[in-house]
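So you can see what is in the structure, the chains are spelled out below.
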Amino acid sequence: MNEWVLISGMAIVTFSVRYPVLAILGRLDLPPALTRALKYVPAVVLTAIIMPEILLHGGTLDVAPTNPRLIGALVAGVIAWRTRDLLWTIGGGMAAFFAWRLLFG
Amino acid sequence: MHTRRSEFFDGFKAILPLIAGAIPFGIIYGAIAVTQGLSPAATIAMSLFVFAGAAQFIAAGLIGAGAGAGLIIFTTFIVNLRHILYAASLAPYVRGLPAAWLLPLGFWLTDESYAVAIKRYNADDESGAEPSPYRHWFFIGAAVSMYINWQICTLIGVVAGSTFEDSANWGLDFAMVVTFIGIVVPLVVTRPMLGAVLTAGTVALLLDGLPHKLGLMAAAFAGIAAGYVLETYIAPQWRARQNIRKRLKT
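Residues numbered from 1 in each chain as written. Chains lettered and ligands numbered in written order. Predicted model: local features only at pLDDT ≥ 70, side-chain atom pairs only at ≥ 80, totals over all residues. Heavy atoms only, no water.

Turning our eyes to something else, we now look at the overall build of chain A. Along the backbone of chain A there are five helices and two strands. The linear arrangement of helices and strands in chain A, starting from the amino end, is α-α-α-β-β-α-α. C-alpha extents for chain A along the principal axes are approximately 55 × 45 × 25 Å. Contacts in chain A between residues at least 24 apart in sequence constitute 33% of all its contacts with a sequence separation of at least 6. Taking the average place of the 8 positive charges on the side chains of chain A and the average place of its 5 negative ones, the gap between the two points comes to 9 Å. (Helix = DSSP H or I, 4+ residues; strand = E, 2+ residues; numbered from the N terminus. Contact = heavy atoms within 4.5 Å. Lys, Arg positive; Asp, Glu negative; His and termini not counted. Charge placed at Lys NZ, Arg CZ, Asp CG, Glu CD.)

The secondary structure content of chain B amounts to 11 helices and zero strands. In sequence order, chain B lays out its α and β elements as α-α-α-α-α-α-α-α-α-α-α. Referenced to the eigenvectors of the C-alpha coordinate spread, the extents of chain B come out at roughly 75 × 50 × 30 Å. For chain B, the residues scored as buried account for 53% of the 250 residues in total. (Buried < 20%, exposed > 50% of the residue type's maximum accessible area, 1.4 Å probe, protein only.)

With that settled, consider the interface of chain A and chain B. Counting residues at the interface gives 64 residues for chain A and 89 residues for chain B. The junction of chain A with chain B conceals about 6,500 Å² of combined surface from both sides, 78% of it contributed by carbon and sulfur atoms. It is Arg18(A), Leu22(A) and Tyr40(A) that lose the most area in chain A upon contact with chain B, and together they represent 13% of the buried surface on that side. At the boundary of chain A and chain B, one finds two salt bridges. (Buried area = accessible area lost by both parts, 1.4 Å probe. Salt bridge = Lys/Arg side-chain N within 4 Å of Asp/Glu carboxyl O.)

Tracing the backbone through its elements, the reader meets Ala31(B) in helix α1 (residues 4-35). Separated by 138 residues in the primary sequence, Ala31(B) and Asn169(B) place their C-alpha atoms 9.9 Å from one another.

Residue and element names in this part refer to chain B. For the coordinates displayed, the defined rule picks out eight salt bridges over all chains. Residue Arg120 pairs with Glu7 through a salt bridge whose shortest N-O separation is 2.6 Å. With Arg120 in helix α7 (residues 111-127) and Glu7 in helix α1, this residue pair connects regions lying 113 residues apart in the sequence. Comparing Arg120 with Glu7, the two get one shared label, buried. One salt bridge connects Arg135 with Asp124, and the closest N-O pair in it is separated by 2.7 Å. Residue Arg135 is located in helix α8 (residues 135-163), and its partner Asp124 is located in helix α7; the two are separated by 11 residues in the primary sequence. Here the residues in one salt-bridge network are Glu7, Arg120, Asp124 and Arg135, joined through shared partners.

Residues and elements named next belong to chain B. On the surface, a cluster of positive charge is contributed by Arg191, Arg241, Arg245, Lys246 and Lys249. For Lys246, the position within the fold is in helix α11 (residues 214-249). For Lys246, a relative accessible area of 56% corresponds to the exposed category. (Patch = residues over 30% accessible without salt bridge, like charges linked within 9 Å, V, L, I, M, F, W, Y side chains within 5 Å. Areas by Shrake-Rupley, 256 points an atom, 1.4 Å probe, with all protein chains shown as cover.)

Residue and element names in this part refer to chain B. Domain annotation for chain B reports domain 1 (4-187) and domain 2 (189-250). The gap between the C-alpha centroids of domain 1 and domain 2 is 27 Å. Of the residues lining the interface, 12 residues belong to domain 1; the matching set on domain 2 comes to 11 residues. Summed over both partners, the interface of domain 1 with domain 2 comes to about 880 Å²; 81% of that surface belongs to carbon and sulfur atoms. Per-residue buried area on domain 1 facing domain 2 is highest for Ile78, Leu85 and Leu187; these three make up 47% of the total on that side. Counting the contacts that link domain 1 with domain 2 gives zero salt bridges. Linking domain 1 with domain 2 are one residue pair in polar contact (both at pLDDT 80 or more), by the criterion used here. (Domains from an automatic or database assignment. Polar contact = N/O pair within 3.5 Å; in protein donor to acceptor, adjacent residues only side chain to side chain.)

All right, on to the packing of helix α1 (residues 3-25) of chain A against helix α4 (residues 69-80) of chain B then. Packing of α1(A) against α4(B) leaves a shortest axis separation of 9 Å and a crossing angle of 20°. Put simply, α1(A) runs roughly parallel to α4(B). Considering only the axes of α1(A) and α4(B), their crossing is right-handed. Contacts from Val5(A), Leu6(A), Gly9(A), Met10(A), Val13(A), Thr14(A), Ser16(A) and Val17(A) in α1(A) reach Ala69(B), Ile72(B), Ile73(B), Thr76(B), Phe77(B) and Asn80(B) in α4(B). (Axes fitted to C-alpha atoms, helices over the stretch in contact; angles between N-to-C directions. Parallel < 35°, antiparallel > 145°, perpendicular 65-115°, else oblique. Left-handed = near helix turned anticlockwise from the far one by under 90°.)

Let us look at the packing of aromatic side chains. All names here are of chain B. Applying the stated criterion across every chain yields a total of 16 aromatic pairs over all chains. Between Phe25 and Phe57, the ring centres sit 4.5 Å apart and the planes meet at 5°, which makes this aromatic pair stacked. Of this pair, Phe25 sits in helix α1 while Phe57 sits in helix α3 (residues 53-64), and the two are 32 residues apart along the sequence. Each member of the pair, Phe25 as well as Phe57, carries the same accessibility label: buried. (Phe/Tyr/Trp six-rings, centres within 6.5 Å; stacked < 30°, edge-to-face > 60°.)

A few words now on the nonpolar core. Met46(B) and Leu90(B) are the most contacted members of the largest nonpolar core, which has 111 residues in total. Among the elements that make up this core, the one with the highest residue count is α1(A) (11 residues). Apart from residues lying up to four places away in sequence, Met46(B) is in contact with Leu6(A), Ile7(A), Met10(A), Tyr29(B), Leu38(B), Phe51(B), Gln56(B) and Ala59(B). (Core = buried A, V, L, I, M, F, W, Y, C linked by side-chain atoms within 4.5 Å.)

Let us now look at the confidence of the model for chain A. Averaged over every residue, the pLDDT of chain A is 90; the share at 70 or more is 99%. Ranking the elements of chain A by mean pLDDT puts helix α2 (residues 32-38) of chain A last, at 84, and helix α4 (residues 68-83) of chain A first, at 96. (pLDDT = per-residue confidence, 0-100.)

This is how it looks when you write it as structure tokens:
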């Protein structure tokens, strides 16, 4: 495979989903219903990205307490909820994840 | 008083914790890409010109699996579709900016820079005060910092991947998960938002087997729909019931 064809193609499709909407929609007045719906974008997209990473293992659900990703995510979730501090969330979640991986990995 | 420079540095400061979370992810990308057979130069070029963490990650995996360029480009497109939603939600706040601003802001739009920028714009809306005329400098400050960091991490990853063949299995990619948890949890302040997040998470799990990560977009739309319906049709009923209960007490 030609790597440079690949990278050019990836760069073009990625730019095409980032720039045009930003430039065109900025000229229009969005209907309030759309604005209301868009408010949910950050939380739902990020959640949809991470849920399979946390709970799926090779395509099957892994909710066992020995799943390091589940424990790391739960610890991160509790820290984020109590402190709202991103660095503590990352540090605590990663520490729990690595500890569980050592114990059960 | 906000100046261009103060806005730029505030954007940099706001994205710092997200950069901390992205560092392991960037290193892993570089390491995986070279161990999957992408040349070091192409690995670095992909970070420079595509600049899309999740898509680059998946591309590296697909290269290792022997997929063709067409399939990888198509998958990149689908995985990055979420940026259309980000762009739509940011568009009202960048309207009127010249193309010289919109082009770089568009190119540098990522999960992280979006999260930081939209938080700032929402805070401005809520405060009701006249917003700073230089707040796009805040956005670009965050976005540029993310970009520079991504390049450095890619370089480190390329070196690590060429040195330690098993570095892709160290589990560093989990940093992205905990970073996103740290962004999402503080956003869940209303019941419709909680409903939206739970719906998106469930659909993402159910549809994970779909090709090209199409389940991600389906989950996003399901979550948005759930939040919208709860906020528009159900939340007023909750409030009405609460008011009745209050009145009964007094």
